[in-house]
Structures are given as C-alpha cells and as structure tokens.
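Each chain, written out:
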Amino acid sequence: MSDTTETAVERLRQETLELESVCSEIERLVGAEEAPLARRFAELFLSKAPPGFLGERSAAPLAHMVLGNFRFLQRARPGRADVEVLNPDVDTEGWFSPVTVVRTSLSERSFIVDSVREFLHAEGLSIGVNIYPVLRVERDAEGNVTSIGPSREGGTRESLVYCEITRVADPARIAYLQAELSRRLEDVMRVTDDFGAMREALGATIAALDEAAENLPHRSDEVAEIQAFLEWLVEDGFVFLGYRGYEIGEVDGVPSVVVEQGSGLGLLRDEEGSTYSSPVPTSHLPEKQRQALESGPLLIISKTNAMSTVHRRARMDYIGIKRLDARGKVVGERRFIGLFTSVAYSEKADRIPILRQKLASILKESGVVKGSHDYKEIHTIFNTLPKEELFLTSAEEIGEDVRTVLTTFDSDEVRVSLRPDPLQRGVSAMVILPKERFSGQVRKRIEEAFVEALDGEVLNYHLALGEGDQARLHFYMAAPAERLHAVRASDLEAVIRRLTRSWTDRVREGLERVRPPEEARRLADRYGEAFPGEYQAATEPGDAVRDILETEAMVALNRDVAITFRNPEAAPGVAEGEAVTELKLHLRDARLVLSEFMPILENCGLRVISVTPYEIWGEEEVESFLYSFIVQRPNRTPVPIEDAGKRLADTILAVRGGDATNSSLNALVITADLNWREVDLLRTYASYAFQAGAVPSRLSLPVALLKHPEIATLLMDLFRARFDPDGPREMLDRQAAEAHVVSRFQGALSEVSVLSEDRALRQLQSLIQATLRTNYFRTGGAVPAIRSGGVPYVSLKFDATRIEGGEKSRLRYEVWVRSSRMEGIHLRGAKVARGGIRWSDRPDDFRTEVLGLVKTQMVKNAVIVPAGSKGGFVTLCSLEPEAMADEAREQYKTL
C-alpha cells in the first residue's frame, strides 16, 4: 500500500471515529425515540462538511451545532423559504463561537447557494464555513419530519444551507440580513416555479412574430433575426428571471400603457407593484421613453435599474419585443428580464443573432473588402467589445467605436469616447491607451478618475487586450444627467495621460538611454510586472534601471550573487539630512539568511540601519531576490563608494562565499583602502604572530591595525616592496624602496600612544622582514587564481633566526599556511630535513605541540642527514565530529 493510500485510509478512519463521537453525543442529547432520525441527519449533514471540519472541533459543540440544524429542518415547512440568522451561544444553541450563523431551508431548486453567497459577499461578510446538503425528507400531514435520506433515493428533496459568516453584533443588522435573505429566497422560488411558464411565454412570442412577418413582409428579415435571437436565448444564452406583458391602446380615448392582467411571472409576478398596474397615458412618459415605446426597433435590449436578487448580483438585462397589429402599429410589449449567461459572454459576438446583423451593417458601411486586413480587424474589434455594449448600442454607434479603435491601433495616444445612455441614466465610456501603460493599478486609477469626474458609480468593467499595442477599457457608469453634459472626453483624456505615465514608463525611458528602444521596452515590461508594488513605491526609476541591468548581467554571466551601492539623498527610517548608503544584495535562486549575513556587514565596519527584502517574480514563481540594506560607517557617515565600493562588495562576497574569514579585520577594506586579499594577508601574519608567541593574544594585532589603519597600509606597502614581482628589478632598488617604507612606518608609530599596540605593530613589521618567500603573488595576489582545500590560501616562509619575540625555536625555517578553513605550520631544522605532518585539535597552541615533536625529531636525526622537521594544522570550520575528519583530509592537501 502506498504512503498516499495509507494516509487516505488513516484519514478516513479518523473521520469515521470523529463522526461516531458526534453522533453518540447527539443520541445522548435527544430522546431514544428521536435518536435514529437525528443520527441519520447528522451523518448526511456532516458528509457535506469541508475536509478536516470534524477534526477542527470537539464532539460536544459539533453535536449541538448539528442538532440546531436538525431542529431548524423540523421547524421548516415545504412551500416556503425558511431563514434564520443568529449568534450561537450556550444558552440558546448549546455551543458558542465568535461567528454569525445563517440557516436556510426550502425545496431543492436552482440558484439557492449562489443567491445566498452573492448577497452575503455584497454585504461585506466573509463565509468561513458553508455546508449544503440536499436531503430526501418525508413529512406527515402536519409537516413534521418522519424520514430523512440522501437525495438520490428520490421523493421530496429539500435543501439546507448552513453558513458561518463574519460575526455581526448589531441585532438590527441581523434582523435585516434575515429579512433580506428571506425575500431573495422567495424570489428564487418565484423564478424557479415560473421558469417553465416563462419559456412558454417566449415560445408564444416567437410564434406571434410569425404573424407579424406575414402581415409585414417588408420586415420579414428583421423578424426572422429576432426569432433566431430569442431561440438563442433559450439555448443557455439567458437566465429568465421575470416576464410581464404590456398593452398599448386607448383608454377613455387617451393612448395609454397598462399591464396585461395575469401575465406576470417570476420577479414580475407582482403586477400591483408595477407603475403600469393602472393605465398611464403615453403623454406622461419621458420623451425618449415614449419614442422608444411607440416607434423604433421591434426588439429592445437594455438594462434595468434594479439589481438581480437571484443567481448573480448584477443589473438585470431587459429584453422587450413589441406587439404589432396587422398594420404594423405598436399595440403592446412582451418584456423579459434576466441575466445573460456565461455562455453568452464567452461566445463570439459575430455568431450571435442580432449582433451578427449589426456587424454585417458595420462592414457594409465601412466598404471594406471581404478577407482584407481591415475586414479581419473589424471582426476582431467587434468580438472584443463588451457584449452588453453590443446589445444595447445601435450599429451606427458601434461602428464609430470600431473606427476609433482602428485609427488609433498603432498610436501611443490616449483616446476616450463617452456615450450617454438613451434614458440619461448613465454613460458608456471607452478608453484606449497603449498596452504597455496598462496595469491593474492603472485601471483602478482611471476608474477612480471617472468616478470623481462624473460623480458616479462603475457598474460594469471590461478589458480588451488585443495582439497589437492597444489596451481598451470599457466602463458603464451610473451618473447624474447634469454631470453627463458637463464632462468632456478631452478633459478625461488629459487626466488619463497624467495617470498612465507610470513607474514602468519612466523605467523604460531610463533604459532607452543605455539600451536599444525595443530591448528597453522589453525589459521595462518584464520587470514592471516582476517587481512588487513595495519595490516600485520605494525605488526611483533611475535606481530601478541599475537594478535591472545588474540582474540581467547576472543572468548573462550565470552569476548567483551581486552587490551594488548608492548614496541616496533620503532613505526610509533615517532622519532627514542624515547621510547613508544603500547596499543592495542581488540573489538568484536563494533566499538570504539574515542572521548569517548581518555579521559579515558588521565586521566590514558597517552599521546596519534597516533591511528591506523584495521578491522578483517570473511567470509563475520567484526568480530572484533583492535585499536593500541601509548602512553607515560607525561614525554615522556614508560609505565612500566611489573609492571603496568595489573593494567592499568583493570582500562581502568573498566572506559569504567562504573564501575569506569573517572577522573585524575586514573593516580595513574601507579604512585602510585594502582589498580583501591584502586584509587576509595581514590576518595570516597576525595569526602566526599569536602562534609564535610574538604577541600576547589573538586580538593584539587586529585591534592595533583597526585603530591605526594608515599603519596597516604601510605594512602592506612594506610587503609589496619586498615581494611584488612588478616592483623594482634590481636588489638595491628594492632595498631602497623597503627602507623608504620602513622610515615612513617608524614615523607613523609616533602617533601610537598605547605601548602594547606599538609592540604588536613592530612585531608585525619584524615578521614581514623575516619572511623569505610567499605564494601570495604566485597564486594571483588581489585576485586569487589558485585554491587548495577548496579556498584561496597564503603561505609564508620565515627565517626562524630573524623572528623576534616569543620562544626561540633554534630551527632554520618556519612555514605558515592559512586560509579561511585552516591554519598550518611546518618547522624545519635545516635546509634539508624530513618529517611528517599531523592534524591537531589544539587551535590556540598547535605550534607549541609541533615544536615539541620537531625537537624530538631533531635529536633522533642528529647523526644522520637530513635534519628533522614536523608539521601540523588545525581546521577552522565549526563542524560535527563525524564531519571533522573529512574536513581535515581535505585541508591536508593544502600542506
């Protein structure tokens, strides 16, 4: 059995045990006679609970919660919508939770769950738990529940919805939620009960149009297209929510409109609530509404002012078909309300009856040749316009929009068109802008600008992004009539131009100064999406350009890490006027461990003020990371990045990569103008001085060098004067250069006031002058080209007779080897000597250990040639004991 199968079996076993525990608790709470029915309800109810629900709560509260739903089902009655909204407490429900509970029950039908969910979300209430069992319920003559089973068994099916939502404390709001949910579920019942009748009404409308086509043969094509459209509605194109008929004729000699008695269905069932329940003279209607009613097209597609209470929260679509007499006079209207389905919105517009007719009219008016470029573009544009716009707008107006899109297809201009609703209740707005300027943030800013300018509300939004460089935003807004006349499209265009000059646009402009235009655009688009909003808000476009170029260089050179610097005028969390440096660490495919990295910066002499991490995203996952450190030197001054930036970056990367030791001596990179290898060389001398007993502690020389960085520079000059192969060729010239540096060193010592520091620095000078050879320059100098033990290393060969201070070894040579991973020594009694090497576990005095061994070896070899020698080394890595032996073997190769 696989691990996955075993896990599933174990989970099922656990859930069975949890369910049994809940059912046992329910049986304890109810009488023996009721226990089987309550248990069966619990099993069916909890079978629809979310995964893990049973394991998240203890048995007692769950039992009371389930029992509350069982009692609710018992109180419910068929033929009505029962709703309860309450805050559970121990006194009333037997359990407590800081949530509000919603329970609904009615006979099974469509739209229950989504109608409840849409309403609660519209009220700003988050649904934490949603359980929706459909049950077979049998009741006696009084409506009492006598049997419960799964819905697949047939019989009367009842749905129960249980939701836990955000806690609502206000009793008045709880009462409102319960009343509104009851009203909406009653609407669901009306709509679903009358659904068949509404389809029959549509069939009758289609049949009646046959008569109109016979009476008015000149309108037969128009009628046929309308019939095709109505048939398309029936085929999953429309959710029918209401129907009502209206009659237009003379009442007491006055042309009037009145509801056709008994025609109301679904949401329009309440005829008494209609404005036209009693005859309304057409002369009392607004002029545009009267003209639309008495003349104009046979088919009217529009939007209602009312929001749907069923299925989906949106303004309902209104479809009106005029009734004509034999002479073509309008004598009434058949009105359907509902919602276009997702199928309708996803289907291509040029395949939908009525819309395809509008497209044909536009193509004819444009005069384009079938199959031409413009012909195809008009098709594409038409199919990307919002369906609601296409349904509600005339072919002439749609054609104007299509021409506007075509003429600006390759333009960088911003265009806005405004088309007020025929009834002056709102406006359709189309915004055309370059695709590169579009983003979700830009869309929100444009929407906010429209809301402010029109003092309105966005009801619908549609985005079209074609294959070209164009993005189109379509808004439908409710707005006061006076604002519709006051706002001009040109004013909104100017606003949008300002809004769409985005951060990405400014980044692109910066990139165009250093990269070809097409590459600059590509990079700006790529990183405009990849950089998070926090980065864009905190980073100037010019700085972002540098980050982009650095990241691209890392990819091109296959580097995983890079460091850049800048000295900003201001930085977050820093007092105004205080100078700082921003250090940026770029990482690919790895996150930074701050606890490991911060000591590196501090040992480089940096004071870290703050750090901000950013993720740089690819298409599906994070591709790289950028960490912004705000730093200063200890004296609260910025880092002199022009002089020290590259050396500091190299040092940080060398320490992070393990090539250099992480110690306070690294601050010399800034204070003494040394690179990390030069600092490592001085560290090598300092570590040997301690082992040789030339200084009293490990910290003696590091402390002295950090306090007197100018002397550290002179000591490095002394080393170069003696060994740099690019120095003077002649021995006399080299000796003169050395004497000059020594003279400057002696002068600098006059500034050293602490005796112990003076002695330590003199000892270091003496060790450099006692050095006979070194591998420093042979292995690359400042840029090491040779490694051993996995890292760069330094070897120094000393004339033991010239070493001052400490215990005299009476040996001929001492060779000291050091890297970030090991320290080793080789002691030789003569030019020709032999002896072994050993790994030591005495890091502070292993030279003493080796010295004792070599003296013994010298005695043994007193009568033979060669003389004695011994070597030893210690590892510097902190490892587990079992790994230490492997590390020792690896570092043994160094020696």
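Preceding block: the structure.
A. Broad picture of the overall build of the protein. Looking only at helices and strands, one finds 31 helices and 28 strands in the protein. For the protein, whose C-alpha radius of gyration is 43 Å, the value lies well above the compact-globule estimate of 29 Å for 895 residues. Referenced to the eigenvectors of the C-alpha coordinate spread, the extents of the protein come out at roughly 140 × 80 × 50 Å. Burial analysis of the protein (895 residues in total) assigns 50% to the buried set. Residue pairs in contact within the protein that sit at least 24 positions apart in sequence constitute 65% of those at least 6 positions apart. Accessible area of the protein: about 42800 Å², with a carbon and sulfur share of 50%. A distance of 8 Å separates the average location of the 113 positive side-chain charges in the protein from that of its 138 negative side-chain charges.

B. Up close: the packing of aromatic side chains. In this structure the tally under the stated criterion is 32 aromatic pairs. Seen in terms of ring centroids, phenylalanine 240 and phenylalanine 336 are 5.9 Å apart; in terms of plane orientation they differ by 75°. Their pairing is edge-to-face. Of this pair, phenylalanine 240 sits in strand E7 (residues 238-251) while phenylalanine 336 sits in strand E13 (residues 330-340), and the two are 96 residues apart along the sequence. Given a relative accessible area of 1%, phenylalanine 336 falls into the buried group. Ring centres of tyrosine 776 and phenylalanine 777 lie 4.9 Å apart, and the angle between their planes is 90°; on these two criteria the pair is classed as edge-to-face. Exposure remark for tyrosine 776: the relative accessible area of 2% places this residue in the buried category. On the accessibility criterion, phenylalanine 777 (23% relative accessible area) is partly exposed. Ring-pair connections join several aromatic residues into one group, and the members of that group are Phe195, Phe229, Trp232, Phe238, Phe240, Tyr243, Phe336, Phe340 and Phe391. Over the ring of tyrosine 461 we find arginine 443, and its NZ or CZ is 4.6 Å from the ring centre. One cation-aromatic arrangement involves arginine 526 over tyrosine 527; the distance from NZ or CZ to the ring centre is 4.7 Å.

C. Seen up close, helix H21 (residues 541-557). Helix length check: H21 (17 residues) gives 24 Å between terminal C-alpha atoms against 24 Å at 1.5 Å per residue, within 8%. Note on H21: the residue one or two positions beyond its end, asparagine 558, has a positive phi of about 55°.

D. Region of interest: the packing of helix H15 (residues 440-454) against helix H17 (residues 489-499). Packing of H15 against H17 brings their axes to within 10 Å, and their N-to-C directions diverge by 150°. Classified by the angle between their axes, H15 and H17 sit roughly antiparallel to one another. Pair H15 / H17 crosses with right-handed handedness. Each of Arg445, Ile446, Ala449, Phe450 and Ala453 in H15 lies in contact with H17, whose residues at this interface are Leu492, Val495, Ile496 and Leu499. Grouping the amino acids of the contact of H15 with H17 by side-chain chemistry returns 8 nonpolar, no polar and 1 charged.

E. Structural view of the pattern of salt bridges. Using the criterion set out here, one finds 58 salt bridges in the structure. The salt bridge involving arginine 28 is made with glutamate 25; its shortest N-O contact spans 2.5 Å. Of this pair, arginine 28 and glutamate 25 both sit in helix H1 (residues 3-29), 3 residues apart, roughly one helical turn. Note that glutamate 550 is salt-bridged to arginine 559, the shortest N-O span being 3.3 Å. For glutamate 550, a relative accessible area of 18% corresponds to the buried category. The class for arginine 559 is partly exposed, based on a relative accessible area of 28%.

F. The nonpolar core, seen in detail. One finds Phe229, Leu230, Leu233, Ile319 and Phe340 to be the most contacted residues of the largest nonpolar core, which totals 87 residues. What phenylalanine 340 contacts, discounting residues up to four positions off in sequence, is Phe229, Trp232, Leu233, Gly237, Phe238, Ile301, Arg312, Asp317, Ile319, Tyr345 and Phe391. Core analysis: the second largest hydrophobic core is formed by 53 residues, Ala692, Val695, Leu761 and Val854 among them.

G. Expanded view of the side chain of serine 428. When you line up the elements, serine 428 lands in strand E15 (residues 426-434). A relative accessible area of 11% places serine 428 in the buried class. Engagement of the side chain of serine 428 in a polar contact is seen with the side chain of glutamate 389, the distance being 2.8 Å. In contact with serine 428, not counting residues within four places along its chain, are Glu389, Ser417, Leu418, Arg419, Phe475 and Tyr476.

H. Layout of the environment of glutamine 857. Assignment of secondary structure puts glutamine 857 in helix H30 (residues 846-860). Along the chain, glutamine 857 and arginine 834 lie 23 residues apart, while their C-alpha atoms are 9.1 Å from each other. Excluding residues within four positions of it along the chain, glutamine 857 makes contact with Arg834, Gly868, Ser869 and Lys870.

Conventions and cut-offs
- Residues numbered from 1 in each chain as written.
- Predicted model: local features only at pLDDT ≥ 70, side-chain atom pairs only at ≥ 80, totals over all residues.
- Heavy atoms only, no water.
- Helix = DSSP H or I, 4+ residues; strand = E, 2+ residues; numbered from the N terminus.
- Rg over C-alpha atoms; globule rule 2.2 N^0.38 Å.
- Buried < 20%, exposed > 50% of the residue type's maximum accessible area, 1.4 Å probe, protein only.
- Contact = heavy atoms within 4.5 Å.
- Areas by Shrake-Rupley, 256 points an atom, 1.4 Å probe, with all protein chains shown as cover.
- Lys, Arg positive; Asp, Glu negative; His and termini not counted.
- Charge placed at Lys NZ, Arg CZ, Asp CG, Glu CD.
- Phe/Tyr/Trp six-rings, centres within 6.5 Å; stacked < 30°, edge-to-face > 60°.
- Lys NZ or Arg CZ within 6 Å of the ring centre and 35° of its normal.
- Expected span 1.5 Å × (residues − 1).
- Axes fitted to C-alpha atoms, helices over the stretch in contact; angles between N-to-C directions.
- Parallel < 35°, antiparallel > 145°, perpendicular 65-115°, else oblique.
- Left-handed = near helix turned anticlockwise from the far one by under 90°.
- Nonpolar A, V, L, I, M, F, W, Y, C, P; charged D, E, K, R; others polar.
- Salt bridge = Lys/Arg side-chain N within 4 Å of Asp/Glu carboxyl O.
- Core = buried A, V, L, I, M, F, W, Y, C linked by side-chain atoms within 4.5 Å.
- Polar contact = N/O pair within 3.5 Å; in protein donor to acceptor, adjacent residues only side chain to side chain.

Geometry only, nothing functional implied.
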